[in-house]
Every structure is written in structure tokens, then in C-alpha cells.
Amino acid sequence: MSAEPKAALDKPVLDKPVLEVRKLRVALRQGGGDLPIVEGVDLAVRRGEVLGILGESGSGKTVTGSAVLRLTPASMRVSAEGIFFDGTRIDTLDDAAFRDLRGKRLAMIFQNPTASFNPAKSIGWHFRWMLKRCGIGGPWRERARELFAKVGISESQAMLRLYPHQLSGGMLQRALIALVLAGEPAVIIADEPTTNLDNIVERQVIALFDTLRRTTSAAFIFITHDIGIAATLCDRIAVMYAGEIVEEGPAAALFSAPKHPYTKGLFATATALERRDAVLSEIPGELPALGARPAGCLFEPRCTLARAQCRRARPAMSSLVDGSGQRSVRCVLYA
Amino acid sequence: MLSLEDVTVTFEPVGAVGRKCPFHAVDGVSLTLDDGEILGLVGESGSGKTTLGRSILGLAPVSAGRVVYRGRDITGLSHAALGETRRELQMVFQDPLSSFNPRHSIRRALATPLRIHKLVPPGEIDAAIADLLTQVGLPASFKDAFPHEMSGGQLQRVAIARALALQPSMIVADEAVSKLDVSVRAQILNLLKAIHAKSRMAMIFITHDLHVARFLCDRIGVMYFGKLVEIGPTEDIFATPCHPYTEALLGTIDKGRADETRPALRRPDLSFPGCRYYERCGFRRDACREAHPALGTHAPGHQVACIRDTFQPA
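A brief look at the structure comes next. (Residues numbered from 1 in each chain as written. Chains lettered and ligands numbered in written order. Predicted model: local features only at pLDDT ≥ 70, side-chain atom pairs only at ≥ 80, totals over all residues. Heavy atoms only, no water.)

### Examining the overall build of chain A
Applied cut-off: What counts as a helix is a DSSP run of H or I of at least four residues, what counts as a strand is a run of E of at least two, and both are numbered from the N terminus. Just to be clear, the radius of gyration here is over C-alpha atoms, and the globule rule we use is 2.2 Å times residues to the power 0.38. Per-residue accessibility, obtained with a 1.4 Å probe over protein chains only, is compared with the maximum for each type, and a residue is labelled buried under 20%, exposed over 50%, and partly exposed between these values. Every accessible area reported is derived by Shrake-Rupley at a probe size of 1.4 Å, with residue values counting cover from the shown protein chains alone.
From N to C terminus, chain A includes 11 helices and 13 strands. Here the C-alpha atoms of chain A give a radius of gyration of 21 Å, agreeing with the 20 Å that 2.2 N^0.38 yields for 335 residues. By its C-alpha atoms, chain A is 65 × 50 × 35 Å across when sized along the principal axes. Counting only residues that meet the buried cut, chain A has 53% of its 335 residues in that class. Accessible area for chain A stands at about 14,200 Å²; split by element, carbon and sulfur atoms hold 52% of it.

### Topic: the interface of chain A and chain B
Basically, it comes down to this: Throughout, a residue-residue contact means that at least one pair of heavy atoms, one from each residue, lies within 4.5 Å. Computed with a 1.4 Å rolling probe, the buried area is the accessible surface lost when two parts are put together, summed over both parts. Criterion for a salt bridge: a side-chain nitrogen of Lys or Arg within 4 Å of a carboxyl oxygen of Asp or Glu.
In this assembly, 37 residues from chain A lie in contact with 39 residues from chain B. Taken over both partners, the interface formed by chain A and chain B buries close to 3,300 Å², and the fraction arising from carbon and sulfur atoms is 51%. Contact with chain B buries surface across chain A, with Ile200(A), Arg203(A) and Leu273(A) losing the most and accounting together for 21% of the total. For the pair chain A and chain B, the number of links is 1 salt bridge.

### Focus: unusual backbone geometry
Residues and elements named next belong to chain B. A positive phi is found at Gln167, a non-glycine position, where the angle reads about 45°. Here Gln167 lies in the loop between α6 (152–165) and β7 (170–174). Its identity as a non-glycine residue notwithstanding, Phe225 has a phi of 50°, on the positive side. Positionally, Phe225 belongs in the loop between β9 (219–224) and β10 (227–233). On the accessibility criterion, Phe225 (15% relative accessible area) is buried.

### Section: the pattern of salt bridges
Residue and element names in this part refer to chain B. Enumeration according to the criterion identifies 39 salt bridges over all chains in this entry. For Lys49, the salt bridge is made with Glu175, and the minimal N-O distance between the two is 3.8 Å. Taken together, the residues Lys49 in helix α1 (residues 49–56) and Glu175 in the loop between β7 and α7 (182–199) connect sequence positions 126 residues apart. The pair formed by Lys49 and Glu175 is uniform in burial state, with each residue classed as buried. Across the salt bridge formed by Arg107 and Asp126, the nearest N and O atoms sit 3.0 Å from each other. Here the residue Arg107 occupies a position in helix α4 (residues 106–116), and Asp126 occupies one in helix α5 (residues 125–135), the gap between them amounting to 19 residues. Classification of Arg107 by relative accessible area gives partly exposed; the value is 26%.

### What to know about the environment of Glu88(B)
Short version of the rule: Counting of polar contacts relies on pairs of N or O atoms within 3.5 Å, with two restrictions inside protein: one atom must be capable of donating a hydrogen and the other of accepting it, and residues adjacent in sequence are counted only when both atoms are side-chain atoms.
You can see Glu88(B) is positioned in helix α3 (residues 84–88). Side-chain polar atoms of Glu88(B) contact the side chain of Tyr69(B), separated by 2.5 Å.

### Here's the deal with empty space enclosed by the protein
Rule in force here: In this analysis, the protein atoms alone were mapped onto a 1 Å grid. Cavities are point sets where a 1.4 Å probe fits without being able to get out; pockets are open sets with protein on both sides within 12 Å along at least five of seven lines; lining residues have an atom within 4 Å of a point. Grid points are joined across faces, edges and corners, and a volume is the space filled by probe spheres set on the points. Gly falls in the polar group here, along with every residue not listed as nonpolar (Ala, Val, Leu, Ile, Met, Phe, Trp, Tyr, Cys, Pro) or charged (Asp, Glu, Lys, Arg).
With the rule as written, the count across this model stands at 4 cavities of 30 Å³ or more. Roughly 90 Å³ of volume is contained in the largest cavity. Around the largest cavity, the lining is made up of 14 residues, and of these Pro261(A), Cys297(A), Cys303(A), Cys310(A) and Cys331(A) lie nearest the centre. Of the residues belonging to the lining of the largest cavity, the class tally is 11 nonpolar, 1 polar and 2 charged. When its volume is computed, the second largest cavity comes out at roughly 70 Å³. Around the second largest cavity sit Ile56(B), Leu57(B), Gly58(B), Ile74(B), Gly76(B), Leu77(B), Leu82(B), Thr85(B), Arg86(B) and Leu89(B), which together line it. Looking at side-chain class alone, the lining of the second largest cavity contains 6 nonpolar, 3 polar and 1 charged residues.

### Details of α5(B)
Residues and elements named next belong to chain B. What counts here: It is the directions from the helix axis to the C-beta atoms whose arc is reported.
Within α5, the full set of buried residues consists of Ile125, Ala128, Ile129, Leu132 and Leu133. Taken around the axis of α5, the buried residues stretch over an arc of 135°, which confines them to a single face. Residues of α5 that are exposed and point over 90 degrees away from its buried face: Ala127 and Thr134. Elements in contact with the buried residues of α5: α4 and α6. Once α5 finishes, Gly137 follows within two positions and takes phi at roughly 80°, a positive value.

### What to know about the state of the cysteines
Cysteine pairs can be covalently joined through their sulfur atoms, and such a bond is termed a disulfide. Inclusion rule: By disulfide we mean two sulfur atoms from cysteines, separated by a distance within 2.5 Å.
The full count for this structure, using the stated rule, is 0 disulfides over all chains. As a non-bridged cysteine, Cys281(B) has Cys306(B) as the owner of its nearest cysteine sulfur, 6.2 Å distant.

### With respect to the nonpolar core
Condition: Here, nonpolar core refers to any group of buried Ala, Val, Leu, Ile, Met, Phe, Trp, Tyr and Cys residues whose side-chain atoms link them within 4.5 Å.
Counting 69 residues, the largest nonpolar core has Ile160(B), Leu189(B) and Phe205(B) as the members making the most contacts within it. The greatest single-element share of this core, amounting to 8 residues, is contributed by α6(B). In this structure, Ile160(B) is in contact with Val92(B), Val136(B), Ile188(B), Leu191(B), Leu192(B) and Ile195(B), ignoring residues within four places of it in sequence. With 67 residues, the next largest nonpolar core counts Phe117(A), Leu147(A), Ala218(A) and Phe222(A) among its residues.

### A short note on the packing of α6(B) against α7(B)
Residue and element names in this part refer to chain B. Cut-off, in case you're wondering: To get an axis, fit a line to the C-alpha atoms, keeping to the stretch in contact for a helix; angles then go from 0 to 180 degrees between the N-to-C directions. Throughout this description, any angle smaller than 35 degrees is read as roughly parallel, any larger than 145 degrees as roughly antiparallel, any in the 65 to 115 degree range as roughly perpendicular, and the remainder as oblique. Handedness of a crossing is defined here by the sense of rotation of the near helix relative to the far one, left-handed for an anticlockwise turn of less than a right angle and right-handed for a clockwise turn.
Two elements in contact, α6 and α7, have axes whose closest approach is 10 Å; the angle formed by their N-to-C orientations is 15°. Relative to α7, the element α6 is oriented roughly parallel. Note that α6 runs across α7; the crossing there is right-handed. Residues Gly153, Gln156, Arg157, Ile160 and Leu164 of α6 form the contact with α7, whose own contacting residues are Val184, Gln187, Ile188, Leu191, Leu192 and Ile195. Partitioning the contact of α6 with α7 into residue classes produces 7 nonpolar, 3 polar and 1 charged.

### Some details on the packing of aromatic side chains
Residues and elements named next belong to chain B. To be explicit about the condition: Two aromatic rings, drawn from Phe, Tyr or Trp (for Trp, its six-membered ring), form a pair once their centres lie within 6.5 Å of each other, and the interplanar angle then sorts them: stacked below 30 degrees, edge-to-face above 60, tilted otherwise. Whether a charge sits over a ring depends on NZ of Lys or CZ of Arg being within 6 Å of the ring centre and within 35 degrees of the ring normal.
Considering all chains together, one arrives at 13 aromatic pairs over all chains under this definition. Measuring from centroid to centroid gives 5.2 Å for Tyr245 and Tyr277, while their planes differ by 65°, and the two rings are edge-to-face. On the criterion of sequence distance, the pair formed by Tyr245 in helix α10 (residues 244–251) and Tyr277 in the loop between α10 and β11 (296–299) is long-range, its members being 32 residues apart. Accessibility classification places Tyr245 together with Tyr277 in one group, the buried group. Taken together through their ring pairs, the aromatic side chains of Phe23, Tyr224, Phe225, Tyr245 and Tyr277 make up a single cluster. If you follow Arg162 out to its NZ or CZ, it ends over the ring of Phe100, 4.2 Å from the centre.

### Here's the deal with the sheet that holds strand β4 (residues 64–69) of chain B
All names here are of chain B. Put simply, the rule reads: Each pair of strands is called paired provided DSSP finds at least two bridges between the two strands.
Taken together, the 4 strands give an open sheet; going across it, the order is β2-β1-β4-β5, and neighbouring strands pair in antiparallel fashion. Every other strand in the sheet has two partners, leaving β2 (23–33) and β5 (72–73) as the edge strands with one partner each. Two strands pair when backbone bridges link them, and β4 and β5 are joined in this way by 2 bridges, in the antiparallel orientation. Bridging across to β5, Val68 finds its partner in Asp73. Helix-sheet contacts for α1 involve β1 (2–11), β2 and β4, and the interaxial angle to β1 is about 115°.

Below you can see the structure in the form of C-alpha cells.
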């Protein structure tokens, strides 16, 4: 799969990450010892950049996003060597201080927009609430009109009077994005924001994200299982498998020449339908079950290139010797 | 082999003030299916494709029209009256976990249909189960497993095995690969294609994924909001789509196509008499407000419900 050439950014990408996650671990609390779900995930995203987290269900991509915003359920134990926002460590903040960041400076857009709204309140009510929470005064209708315009909604007055159940799914997701933008967040984590939408509407909302990517200064973390969407939107991609990042790098390079056997298999499978192969290429087997994780490489049981060495120890992320210094892979073939 | 004549399925939810609000989930759909053919039904959520599939098997109440199977009207027949036909028409559901009894082992799930329809002598049921599991690419040892012990892909294989157990002449597969991950989805699609190549049973394959439809199906029917808006051979639908909605759907997998769809602010209005697609259509005319157009023939075997052709000479 080849990434499409992206429109030039209207704003500079700064070098210093606005959000940095070091060695994030999430485990499910169990009587006989914790079951790891996410192991040692490192992420960094800069202002104006879109980082894609690509993975299948069970890969830990949603848990990773939720853990950064402290939205994981109590049954999960989260630890990290540090989560830094604008240079400040935030994983050690108390809950009250963290709540002050979340929703304003660090925002999240979820898969199901219906669940993000209060069904008994109008869209206008949600706007007033959001603006008040972010301490933004002034004429709120005017502010709402501007925000709606950003997400492609021209009928803002009609919109404000409607209730969530009256809106189409695509419009509701747009309204949610407008709400999130109200606080002018520095980081937006979008977790499969178009997966619940129908194909045509999905295409329109992806186009909207593509516009926002170029016109807002926020950093985006875009969590998706859809390779086409990742290729359209993301500057950099982190591929997750079974709770680990197995490959990371600039989107264009990663899509044109995937390195990790899992990434290769995933791309081959996903593009087989587009290429109209008579028989689709498969990745044999299934994800390792929780609590039955191999001691060696997590992909080894499904890997056609596995060797004895792969079963002995979990490979570390190593930089790819391609001269770019920007790609890394977790595989002994490239160590 | 199978024909639907003006099938309508109406649900009557009770509104907020106790008023009944009839809702036509499927509205006057006619189509036919030949022996050995795979017909894809595509459309977005709420288009009625699932309800249409269920109505064939008597799982959704048909309020008007007829379902005719091998010359016999089977609309609304009871299980007893259906008799042998019940065995010949099988279904595979979207979510494998919810289509199995969690307290029954795989052996029991597969043995029950075999026993009820007396297809296999009691002494040979175990061998038949092992054979079925092998057909869908699972080790025979899985027969002692319970649904929760299996992954989604494995369980969907068992669901396919259960449908095959009765040697049906037709299977309705409702989004049978939608809940599966990309890597597993390919396994199941290859399996379905291989099974079809061997058994030549007919299939109605319901999906929202056009790539999947193109991979498997001989013909494709496009549904929008209860109506069949276009139907034709797969290659024709992809090469020369006629309905603006079909074009928009194809645009989602072919980035070269322009998107002419208008974003709809509200959910569709049930009382609007005109074309169902009016609000979102990029080609709408005043005439489209009056009535939903009937299916007309565009080319042999290719029908479309749109009046655009009459404005633009082909």
C-alpha cells in the first residue's frame, strides 16, 4: 500500500514533543498476578503532527489511549516511567489537577458519539457547558457558529436546538469534534472516531480530520484499525500487536516498505481485496490469549520467518539501518 | 430457486404518546436467486439488508408480498409447515458469540441439528462432527470446547460448520466477517469461497463492505433505507454504477471518484413521499420529490431505481 502525498502543512511541526509517553504498562488485576495488556509502549507526538496507532482488536491501542487520559477502568493497573505534557510530568498529578487538563488541554474523541452526549440535553446546552468549563466567555452562539463552521456544519442555529437522537451519526460526530475544539486542546486522542459511521459518512468525516490536521495546531493521536485511513491521515505510524509497538516510522516509508513480519502480513491481507486476488493472503493463527503470552516474540507463533532465537527472548525495538534514523522495528531480523 | 415478490417488512414501534409509528424496514423488494449463485446485499446500517435476509428465513414478519422457494410460497409458514425447507435454508450471523448457547459444547451445538433432522445415524454423529470441523479448518479436538474458549474467528468457523451440517441449498450470511479482524477476515473469506466452489450452494451475502462483496458475489443488490435501489452483475455494478447512491458507495473504496453526497443533518424523515435518497442526492430534481422511482431496466440483468437516466441521455 502506498501512502498518498499529503498536502503541505500550514504550520510548523515543532521538534519538542507536546506529549511523551515512556514505557507505559497496563495490566488486568487478577488474583494470581496481573495479566499484561500493554507492555512498554513509548510514544511521542509533536504539535501539528498526526501519530497513528494502528492495530487489530486486542492489540492494546484503545487501552493505550485511555491510559494516557486515565480513563481505564479500575480493574486495570497502569504504570509508566513517565507521561509528559509540554515538558511537565502528568502521570504523577493528583486526580483534581489531572481533571483540569483532561477535556481542555488533552481531549479525546470516542468511537460512539451517542455515548459522549447527554441524551436529555440539546446540542446548545452541551456547547454552553463546554465553553463555561473552559472559561470562555462572550457570546456563545457566535462562538458555536465559528466552531461548527470548522467542522463543516453551516446550519448552526438549527443544530443548537436539536437533541442528540435527532442528528444523523455523521453530524453527531461533527458536533462532538466541534465541542472538543472549543477548549483549543494541545493534544487530541481520537479513538476509531469513524468506525461506527457508514462508509459514505466516514469518508466525509475523514476529509474533515484531514482539514483539521492542517489548520489546527493540536497534535493528534489517531487510533485506528483501518490501514487506508491511517495512510490518508497520519504523518507517523506506530503498529501495535498484542500490547506492544512492533514497528514505528514515518507513514510514507512504513507503508511503502513495511519491515516487521506482522506489518507485512497485515498490509498484504488488507490490500488483497483491493488487488482483487482470487485467494486472499492470510496471517495464520490468532492473537495470543491474555495470560498465555509467549515468553519470546509475541508474533512468533504466527510468524513464517520464526527461528529458535525468537522463542527465547522478547526482541527489543531497534533502529532500522536505513539512514533515516526515524524507523524502528521489534524483530530479530533487523536487530 | 428463490424469489421475493414485493416483500415488505413493517415494524410498529409505539411512540412516545402511545401512537403506533409503522416503519417499513423493507419496502416492496423483489429479487430472485438462482441455484449456486452468490447474491450480495450491500447498503449502510438501517438500509434493511439484514431484515430482508431474515425475512427469507421467516425470522422477520413479512407484512406484504411473498417469499417463494422452489415454486412454493413459504411466507410466514410455521416451522412444522416448512418441514424439509427449514433444513435447506440456513443462516450465519454477524456475532458468533451470541449465536451459540454458552452452556453447550461445540459437540452439542453441532450434534443438535444433525439429530433433529436425522441426517446421520446416532452412532455416526461424532464422526460427522469431526468431518465438519475439518471442512472449516479446525482440529477435531475442538468439539469439546465451549464457545467462550474460542476466538471470534474460530467460532465463526464453527457457525459456518453448523450451517453446513444440514447440507443446505442456500445460506444467508449476515455480515459474517464484519466483526472479525483483517487478518482473520481473510481466512474466513477464503474458506467461504472454497466451500462454495465445492458445494455450489446458493448464498445471500449481506455486507457493508464493497471489497468483500466484490470478492465473493456474482450479483450485487444495493439497498437504501428499505428500498432496493440497484441490482446487477458484480462487474456491471462496479464498472457502470447507475444510482447516485451506488456511486457514492463506490467512492468510499475508489478515491478517484468525486463525492457528490450532501451531508444529512437529521435522521431520514419517514413521511417524505419522494425518492428515499432525495436529501443526500447530488443530482436531485424537483420530480424526485414526488415519488420514489420504481426499478427500471438499465441493461440486461441490471436494474436501477433512479430517474437520472431520463435527464442525461446515456
